[in-house]
Amino acid sequence: MTETFQRRRLGRGFWRAVREVAKSNAAVDFLSSTRLDPIYHFDSERIDSATVMLQQFWTQTVLSVRAKEYQTARQSLGQLFHSLQDFYSHSNWVEMGRRSIYLHLLSPEEPAIPVANEDTPTCMECFSLTCRNNLLPQLTVLQGESPLLTTGYANTFPPKPAGKCSHGGILDSSRHTGAKGGINKDSTSPFFSPHHYLHNEAAALATEATLTVLRDLRDTVGPEAFLRLFSVKQIPALVFVMDTTGSMFEEITAARLRAHSIIQSRAKRSGQAGTFLLVPFHDPGFGPVYETEDPNQFMEHMEDLLALGGGDEPEMCLSAIQLALTHSPPLSEIFVFTDASPKDAHLFDAVRALALEKQIKVTFLLTEDPNYTTESRAARRKRRRRKRSREAPSPNRFSLYSSLSFVSGGLTIFTTNSDIHRVSSIVEDSTAPDKVTLLHVESDQEPTSLHSFRVDTSVRNVTLHVSGTMTECVLTNPSDQKQSLLDETVKEPLAELQHFQGLYRISLLPPVQPGQWKLQVKSDGHLTFNAIGDSSVDFLYYFATVTNETHPGLARVEGAPVAGVPAFLVLAVTGLASQEEATFSHATLLGAEGESLQRVKLNSSSSSSSSSSSSSFYSTEELVGLVDPVPRVPFCVRLTGQDSRGNKLERLSAEMVQPTHVQIEVLTIPRLVPGHSTTVTFKILNHGPARLFSLTADDDCGYLRTRGPHRFPVEAQGSFRGQVDLHTPATAGAGASVTLTFNVQALDSPDSNYAVAYLTVVPPDPDTSPPSCSAARVQTSCSSVCGESSWSVSLVVSDIGRSGLAALQLQRGAGNLTVFHSPPPMEEPPARPQSGPDQQQVRREETTSGNHHHQHQHQHKARLKSRDPPLNVSEWVLNSSQPLWVRYTSSCCSAEAEVLVWDSAGNMKRCHLKSGQHLRDRSTEPSRAGQITPAAMFVFVVQLCLCSELM
């Protein structure tokens, strides 16, 4: 794989997944429920409690990945990283002379270092910004015999005992009480970090510890699940929400044929087919969600989908969309086929919140005329003859659909049964890999409108979708050549037009000329324009505000930003290969009809500013610009830059940001325990005058005791704290995820906002103890000619927790790993090392018959080689404490090996083997980690997964 291919292969979804982990990491410093809690930061000598919490985060992450709840897994992984990294900058680990990571933090069976007692002094007075040698001797490398661990106390909770170390820095109020000073290594600035001169050493160890977690997670859940966790190689999901009432035969057929076409197209390309989701609905039912990664199974399910029954015209459409949003990966597009209005309009706010939070577009394909007349009513009765008679629906009954598609960046298309199959071509256009948005505007006021979009050299296959009815349409290319698209007599066209009822599909003919294209249109009603193309270059963004509390920085704004006040716009460009230099000068905030509301200057940055190819490969530097003030009307964001040849680049994020004067924050994100009740607290901040608010909570599993609406007054510039209660049924599965959505609405204005929290179901007392492996016998006959000699080691493998052994794997090594039910015979000599092309192939030799647990039977159960998949041993043991015996045999030319052992709870043990030695202690291995960016950590481990797949 080339570097360029690897970088583009990661895709926008990968960088969004990485940023979700980073967001969760940063939130520990900003959320009121965690920013002052010493357990989350390894502060105030709460090392034992913080270690237990780390292990809980690990268990929660593994459970979520195995349940395919990747959103909650990224959340708990980010929290784990924050606390783990804080240990190295807040403790005296570096000052003790340690140059390798503290394994006990996530491996409780590894040796632990004692923590200083509450009455044990740890620091001496320091009266300067830089505090050198202020730790007492028994807490530094100078002592050496029985070192003690300590971490600094921060601020006033808990109170710092006399003689203890402070966190230190100008934001720590405890630095003024004895012992004065501090020991943190968070930064290289003496104003914030008294031990700033040790920052690089602490950062290197934090990096190594983070990489170790990523490697362990990859090996625990498997490379495939690990890649899905970070959305690597994930082409867009195909998501259908289908009305299955009796009038929908043509729509179901169209969706079925379109899905078949997409599956055939993807089968011609290398890689995965993607994820397929289908959510049916009617009245009064909806769901269940059908989700698969097998295209053949999806087509079988589509073939079984029937249009049956009916009822009154409104149906449970928004309930089905909510299910689809919950299960769809971020950055997806959902296609809704229906001819009925929503019966569950109360869910609109929750659905809108989920769509915006996950950046998912929702497109409606409606086989119904929005302008209901007496004549069309008669035709409609005939077409929907299977449904009961009813009163004429309201003309604006589809307004919620139009509103949802508008804010999410999708389309609402009104078509007919005869045209639905051709209109559904939009599904195929939009779910192709590497789609970027070049234009998304609505035109509602003027009969004539002019819109433009820019194509650069990285963009291919440009398609425009226009919903509505046009009477005239003229396309102009960058060379000022024109084409009247509705004139079929044009001989040298710039584009090809397909017109269906409710939709125009305009395809620019290759080669597409780079530069600015224009579209001048006349219409007799509402139009929506959407231009998309193929390109790996795109961007992600969020809004942030400055916080100057315990951890200064830019805190991400949850939900919509506050109108009329300043905020920072933070962007990251994705998909540029290292040799593709580009600079991005500004972003433009665009109104609903494409008008420019504000130009936001960005800090100067280059995607390839470093001379190091690896550094440029990892580069996703964030660009920051001040929005002053945030507009008071809805807007979308367009990023503008230029490549190394001076050609302009433009990309658009089509979802509409809706500024507001109210915010809502989720203060606690607790774990859910089966059979128990849980409280989630929230905070409403009113940035307007005193007024009455309505709050509605919703969850996708029905665990909420009450969803509201709840009404309460909030003073001008004031706040309100409240809580909701959830009850988790005893039958809830470990690792399951609950999506909790809050929506707050002012009763006297359009001001509203939302927050989304993801909660994970965990066992009440999870097993966090990994298996163990101990050497029972070591044999070696290594000579100067390594190929003519061999070595072996026999291991006893057991689980010290309650879960029982689950799997074994030879992760690394050129020899064979043989698994036994009973101790192997002592007199059996080491097997001769094997060589040849079959050395990397799987070979399992099952025993024939008899009692596998008889003490005198020595036949092996299975034999493994390096890179064989994990061997399931969960059914081989009678109880959780029963051990297994394994023997590793190798040529002396390969002196090391590594065996991985898992228990059923997901805990993993790495057993390192070395010729002529017992199991190697990882804590004595030298640190080899350098300082690399957080994104580089993820890319590094992802590359290991990708490379292992290709070998």
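What counts and what doesn't
Residues numbered from 1 in each chain as written. Predicted model: local features only at pLDDT ≥ 70, side-chain atom pairs only at ≥ 80, totals over all residues. Heavy atoms only, no water. Helix = DSSP H or I, 4+ residues; strand = E, 2+ residues; numbered from the N terminus. Contact = heavy atoms within 4.5 Å. Areas by Shrake-Rupley, 256 points an atom, 1.4 Å probe, with all protein chains shown as cover. Phe/Tyr/Trp six-rings, centres within 6.5 Å; stacked < 30°, edge-to-face > 60°. Buried < 20%, exposed > 50% of the residue type's maximum accessible area, 1.4 Å probe, protein only. Lys NZ or Arg CZ within 6 Å of the ring centre and 35° of its normal. Disulfide = S-S within 2.5 Å. Salt bridge = Lys/Arg side-chain N within 4 Å of Asp/Glu carboxyl O. Patch = residues over 30% accessible without salt bridge, like charges linked within 9 Å, V, L, I, M, F, W, Y side chains within 5 Å. 1 Å grid on protein atoms, 1.4 Å probe; cavity = no way out; pocket = protein on both sides within 12 Å on 5 of 7 lines; lining within 4 Å. Points joined across faces, edges and corners; volume = space filled by probe spheres on them. Nonpolar A, V, L, I, M, F, W, Y, C, P; charged D, E, K, R; others polar. Expected span 1.5 Å × (residues − 1). Axes fitted to C-alpha atoms, helices over the stretch in contact; angles between N-to-C directions. Parallel < 35°, antiparallel > 145°, perpendicular 65-115°, else oblique. Left-handed = near helix turned anticlockwise from the far one by under 90°. Lys, Arg positive; Asp, Glu negative; His and termini not counted. pLDDT = per-residue confidence, 0-100. Core = buried A, V, L, I, M, F, W, Y, C linked by side-chain atoms within 4.5 Å. Pairing = 2+ DSSP bridges.

Chemist: Can you break down the overall build of the protein residue by residue, with the values?
Modeler: Looking only at helices and strands, the protein features 16 helices and 39 strands. For the protein, long-range pairs separated by at least 24 residues make up 74% of all intrachain contacts whose partners lie at least 6 apart in sequence. For the protein, the accessible area works out to roughly 38,900 Å², and carbon and sulfur atoms hold 51% of it.

Chemist: Go over the packing of aromatic side chains with me, naming the residues and quoting the values.
Modeler: Within a pair of aromatic rings, the relevant descriptors are the distance that separates the centres and the angle that separates the planes. According to the stated counting rule, one finds 19 aromatic pairs in the structure shown. Between Phe 14 and Trp 15, the ring centres sit 4.8 Å apart and the planes meet at 75 degrees, which makes this aromatic pair edge-to-face. Of the residues examined, Phe 14 reaches a relative accessible area of 0% and is grouped as buried. Both rings, one in Phe 42 and one in Phe 87, keep their centres 5.3 Å apart while their planes meet at 70 degrees; by these two values the pair is edge-to-face. Of the two residues, Phe 42 sits in the loop between helix H2 (38–41) and helix H3 (47–66) while Phe 87 sits in helix H4 (residues 70–90), which places them 45 residues apart along the sequence. On the accessibility criterion, Phe 87 (0% relative accessible area) is buried. Among the aromatic residues, those joined into a cluster by ring pairs are Phe 42, Phe 87, Tyr 88, Trp 93 and Tyr 102. Of note, Arg 98 hangs over the ring of Trp 93, and the distance from its end group to the ring centre comes to 5.0 Å.

Chemist: Please set out the state of the cysteines residue by residue, giving values where relevant.
Modeler: Such a bond, covalent and formed between the sulfur atoms of two cysteines, is termed a disulfide. For the structure on display, the rule yields five disulfides. The disulfide partner of Cys 786 is Cys 893, and the S-S distance across this bridge is 2.0 Å. Negative torsions about the S-S bond denote left-handed disulfides, and the value of about 85 degrees found for Cys 786 with Cys 893 makes this one right-handed. Within this pair, whereas Cys 786 is found in the loop between strand E31 (771–780) and strand E32 (790–799), its partner Cys 893 is found in the loop between strand E37 (884–891) and strand E38 (896–903), the two being separated by 107 residues in sequence.

Chemist: So what's going on with the pattern of salt bridges? Residues and values would help.
Modeler: Summed over the entire model, instances satisfying the criterion amount to 28 salt bridges. One salt bridge connects Arg 228 with Glu 224, and the closest N-O pair in it is separated by 4.0 Å. Placement of the pair is Arg 228 and Glu 224 together in helix H6 (residues 223–229), with a separation of four residues, close to one helical turn. For Arg 228, a relative accessible area of 9% corresponds to the buried category. With its nearest N and O atoms 3.3 Å apart, the salt bridge here joins Asp 349 to Arg 352. Here Asp 349 and its partner Arg 352 are both found in helix H10 (residues 348–357), three residues apart, which amounts to about one turn of the helix.

Chemist: Now, about a nonpolar patch on the surface: what can you tell me, with residues and values included?
Modeler: A cluster of nonpolar residues, Leu 129, Ile 170, Leu 171, Phe 191 and Phe 192, forms a patch on the protein surface that exposes about 420 Å² of accessible area. Considering the arrangement of structural elements, one finds Leu 129 in the loop between H4 and helix H5 (199–221). Its relative accessible area of 42% is what places Leu 129 among the partly exposed residues.

Chemist: Go over empty space enclosed by the protein with me, naming the residues and quoting the values.
Modeler: For the coordinates displayed, the defined rule picks out five cavities of 30 Å³ or more. Counted as a void, the largest cavity has a volume near 190 Å³. Trp 58, Leu 106, Ser 107, Asp 216 and Met 908 are the residues nearest the centre of the largest cavity, which is lined by 15 residues in total. At the level of elements, H3, H5 and strand E39 (908–914) are the ones that each hand at least two residues to the lining of the largest cavity. Classifying every residue of the lining of the largest cavity by side-chain character gives six nonpolar, five polar and four charged. Estimates place the volume of the second largest cavity at around 110 Å³. What lines the second largest cavity is a set of 13 residues, among which Ile 101, Tyr 102, Leu 103, Leu 106 and Thr 212 lie closest to the centre. Where the lining of the second largest cavity is concerned, the elements lending two or more residues are H4 and H5. If you tally residues by element for the lining of the second largest cavity, the top one is H5, at four residues. Within the lining of the second largest cavity, the residues separate by chemical class into nine nonpolar, two polar and two charged.

Chemist: Outline H5, listing residues and values.
Modeler: Taking 1.5 Å per residue as the helical rise, H5 with its 23 residues ought to reach 33 Å, and the 33 Å between its terminal C-alpha atoms agrees with that figure. The buried count for H5 comes to 20 of 23 residues, which makes it a mostly enclosed element. Backbone geometry just downstream of H5 places Gly 222 in the positive-phi region, at approximately 95 degrees.

Chemist: How would you sum up the packing of H3 against H5? Please name residues and give values.
Modeler: Relative placement of two packed helices is described by the angle separating their axes and the distance separating the axes. Taken N-terminus to C-terminus, the directions of H3 and H5 make an angle of 40 degrees; their axes are 11 Å apart at the nearest point. Comparing the axis directions of H3 and H5 gives the class oblique. Note that H3 runs across H5; the crossing there is right-handed. Contact with H3, carried on its side by Trp 58, Thr 61, Val 62, Val 65 and Arg 66, involves Val 213, Asp 216, Leu 217, Thr 220 and Val 221 of H5 and no other residues of that element. By residue class, the composition of the contact of H3 with H5 is six nonpolar, two polar and two charged.

Chemist: Kindly report on the side chain of Asp 43, identifying the contributing residues and their values.
Modeler: With respect to the helices and strands, the residue Asp 43 is situated in the loop between H2 and H3. For the buried Asp 43, no salt bridge exists, and the shortest N-O distance to an oppositely charged side chain is 9.8 Å, to Lys 185. Dropping the residues within four chain positions of it, Asp 43 is found in contact with Pro 38, His 90, Thr 151, Gly 152, Ala 154 and His 167.

Chemist: So what about the confidence of the model for the protein? Which residues, and what values?
Modeler: Parts of the model with low pLDDT should not have their predicted coordinates read in detail. Put simply, the protein has an average pLDDT of 85, and 84% of its residues get 70 or more. Within the protein, helix H15 (residues 613–618) has the poorest average pLDDT of any element, 34, and strand E20 (residues 596–601) the best, 97. Here residues 369–392 is a poorly scored stretch, pLDDT under 50, and it has 42 contacts once near neighbours within four places are set aside; other chains count. Here residues 921–930 is modelled with pLDDT under 50, and outside its nearest four sequence neighbours on either side it reaches 19 contacts, counting other chains as well.

Chemist: Describe the nonpolar core, and please don't skip the residues or the numbers.
Modeler: With 51 residues, the main nonpolar core has Tyr 88, Leu 149 and Phe 230 as its most contacted residues. Of all the secondary-structure elements, those providing two or more residues to this core are helix H1 (3–30), H3, H4, H5 and H6. With 38 residues, the next largest nonpolar core counts Leu 318, Ala 324, Leu 366 and Tyr 758 among its residues.

Chemist: Residues and numbers for the sheet that holds strand E8 (residues 448–455), please.
Modeler: Strand order in this open sheet of four strands is E8-E14-E10-E11, and the pairing throughout is antiparallel. Only two strands of the sheet have a single neighbouring strand rather than two, namely E8 and strand E11 (482–484). For this sheet, the mean inter-axis angle between neighbouring strands, taken without regard to orientation, is 20 degrees. Sheet analysis places E8 next to strand E14 (residues 515–523), joined by eight bridges and oriented antiparallel. In the strand pairing of E14, Ser 449 is matched with Val 521.

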